[in-house]
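# Summary of the model geometry
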Amino acid sequence: MAVVDVDATGAEEFAGRMLGTVNGAMLALGISLGHRTSLYDVLAELEPATSERIAEHAGLQERYVREWLAGQLAGGIIEHDPQAGTWWLPREHALSLTRTAGPNNIAFMASAVSPFAELEDDVLAAFRDGGGVPWSRMERLQAWQSELSYGYYHYALDAALGLVERLPDRLRAGIDVLDAGCGHGHAALRIADAYPASRVVGYDVASAAIAAARAGAEALGLRNARFEVRDAADLEREAYDLVLGLDVVHDLARPYETLRAIHGSLRPGGLLLMAEHALSHRPEENVGHPLAATFYTVSLFHCMAGSLSDDGEGLGIAWGEERIRPALAEAGFGAVGSHVLEGDPFNIYYAAQRDR
Ligand SMILES: C[S@@+](CC[C@H](N)C(=O)[O-])C[C@H]1O[C@@H](n2cnc3c(N)ncnc32)[C@H](O)[C@@H]1O
């Protein structure tokens, strides 16, 4: 073996960075528990308090709360007065960790770590033997993703619909809408609720997701929303004026066939509104993106693995505008606009129109 010089300082710096990453990942599990137990929400409401008082307010076991507090102190999240025996969450930290933070709640983001980790054995097996991880194995992950979408669409959907001239007016007047790969149906439900004259259909292959979407429609008393377990490639012809493909096309086993089916399902002049991650298909161009490492993990455990489970294309989350535009053109779409919404640098919205 050739003897090569090693930059000892660089190696030490790298090892330290890796250790910090592992420490952060373990801390993320504690942050997830802080979210799921509502401990951050409770702490945000309390003056500095003992572990007994915090546990009582949260309805939790004091011994667990005390151990968690110690880890949170070590992680620089919570502060502590050893003399008084009290603990508190600084207001500046509460802004990123409580439910009232809404889409800025990073503790909710941390609660994704364990549902991804649950799939590690399946992903490991797929590394060795090929294939993928079926969507049916991802129920907990999909429930998290759905909560993410809910908070997200609450904020982004109106802005996305507003990207296309006169679309809100047409929805108000009444059009046919399909949410392809609707998940728990948040976007479909929101549109059906806001535009009662429009008729909204959601298709997804995950039966748990469709059950949740149907329950959502029932809870809202919607009569203009319908959900079916169905492959998004299996579509009626010329039936819709608007098709949504939100964070879904790269997950599909047959994305190119599905885009062609979507094109065929639109009436002339109809519109596909598609959201995909603002990543390049060239890995080197994603270096420096603040969440690219997270997104590649999401792809490895979920998007790519889900697609490959069905003997699919396995595009991965980062198929990128460079490949999306030719795919839309190949499916038959002429005019394609792409937009980044203010406050959402992570997605690109494509508005692709079927020719009249
Ligand atoms: C990342 S989720 C996005 C869900 C939803 N559009 C949202 O933004 O909340 C991707 C969804 O695609 C669904 N899916 C995967 N393959 C599908 C297919 N062939 N037909 C329909 N849905 C599919 C999955 O079950 C999952 O619910």
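What counts as what
- Residues numbered from 1 in each chain as written.
- Predicted model: local features only at pLDDT ≥ 70, side-chain atom pairs only at ≥ 80, totals over all residues.
- Heavy atoms only, no water.
- Helix = DSSP H or I, 4+ residues; strand = E, 2+ residues; numbered from the N terminus.
- Near = heavy atom within 4 Å.
- Polar contact = N/O pair within 3.5 Å; in protein donor to acceptor, adjacent residues only side chain to side chain.
- Areas by Shrake-Rupley, 256 points an atom, 1.4 Å probe, with all protein chains shown as cover.
- Nonpolar A, V, L, I, M, F, W, Y, C, P; charged D, E, K, R; others polar.
- Domains from an automatic or database assignment.
- Patch = residues over 30% accessible without salt bridge, like charges linked within 9 Å, V, L, I, M, F, W, Y side chains within 5 Å.
- Salt bridge = Lys/Arg side-chain N within 4 Å of Asp/Glu carboxyl O.
- Buried < 20%, exposed > 50% of the residue type's maximum accessible area, 1.4 Å probe, protein only.
- Axes fitted to C-alpha atoms, helices over the stretch in contact; angles between N-to-C directions.
- Parallel < 35°, antiparallel > 145°, perpendicular 65-115°, else oblique.
- Left-handed = near helix turned anticlockwise from the far one by under 90°.
- Contact = heavy atoms within 4.5 Å.
- Pairing = 2+ DSSP bridges.

### Notes on unusual backbone geometry
Unusually for a residue other than glycine, Ser-38 sits at a positive phi of about 65 degrees. Relative to the elements of secondary structure, Ser-38 occurs in the loop between α1 (8-36) and α2 (39-45). Backbone geometry at Asp-247 places phi at a positive 55 degrees, although glycine is not the residue there. By secondary structure assignment, the location of Asp-247 is in the loop between β6 (240-246) and α13 (255-265).

### Describing the site of the ligand
Looking at the ligand, there are 20 residues lining it, with Ser-149, Tyr-153, Gly-181, Asp-204 and Leu-246 nearest. Here an oxygen atom of the ligand and a side-chain polar atom of Gln-142 are 3.5 Å apart. One nitrogen or oxygen atom from the side chain of Asp-204 is found 2.6 Å from an oxygen atom belonging to the ligand. Coverage of the ligand by the protein chains reaches 96% of its 590 Å² of free accessible surface. Looking at the shell around the ligand, its residues break down into 9 nonpolar, 6 polar and 5 charged.

### Topic: the domain arrangement of the protein chain
By the assigned domains, the protein chain splits into domain 1 (8-100) and domain 2 (115-353). The C-alpha centroid of domain 2 is placed 35 Å from the C-alpha centroid of domain 1.

### Here we look at a nonpolar patch on the surface
On the surface, Val-22, Met-26, Leu-29 and Val-113 cluster together to form a nonpolar patch covering roughly 350 Å² of accessible area. Here the nonpolar patch takes 3 residues from α1, the largest share from any one element. Overall, Val-113 belongs to the partly exposed group, its relative accessible area being 35%.

### Considerations on the packing of α13 against helix α16 (residues 321-331)
Two numbers describe how α13 lies on α16: the axes approach to 8 Å, and their chain directions differ by 50 degrees. On the basis of the axis angle, α13 is oblique to α16. The way α13 lies across α16 gives a crossing that is right-handed. Counting all contacts with α13, which are made through Tyr-256, Leu-259, Arg-260 and His-263, the residues of α16 involved are Ala-327, Leu-328, Glu-330 and Ala-331. Class assignment for the residues of the contact of α13 with α16 results in 5 nonpolar, 1 polar and 2 charged.

### Quick word on the pattern of salt bridges
A complete count under the given rule lists 23 salt bridges for this structure. In this structure, Arg-230 engages Asp-234 in a salt bridge whose closest nitrogen and oxygen atoms are separated by 3.6 Å. What makes Arg-230 buried here is its relative accessible area of 19%. Since its relative accessible area comes to 43%, Asp-234 is described here as partly exposed. Between Arg-230 and Glu-236 there is a salt bridge whose closest N-O contact spans 3.6 Å. With relative accessibility at 26%, the residue Glu-236 sits in the partly exposed group. Salt bridges here are not isolated pairs; linked through shared partners, they connect Arg-226, Glu-228, Arg-230, Asp-234 and Glu-236.

### Structural notes on the pairing of β6
With 7 of 7 residues buried, β6 is to be regarded as a mostly interior element. Across 3 bridges, the pairing between strand β3 (residues 176-180) and β6 is parallel. Bridge pairing links Leu-178 to Val-243 in β6. As paired strands, β6 and strand β7 (residues 266-277) are joined by 6 bridges and run parallel to one another. If you follow Leu-244 over to β7, its bridge partner there is Leu-273.

### Some remarks on the packing of α1 against helix α4 (residues 62-74)
Across the interface, α1 lies against α4 with an axial gap of 10 Å and an inter-helix angle of 130 degrees. With respect to α4, the axis of α1 lies oblique. Taken as a pair, α1 and α4 cross one another with a handedness that is left-handed. Facing Leu-27, Gly-30, Ile-31, Leu-33 and Gly-34 of α1, the residues of α4 in contact are Trp-68, Gly-71 and Gln-72.

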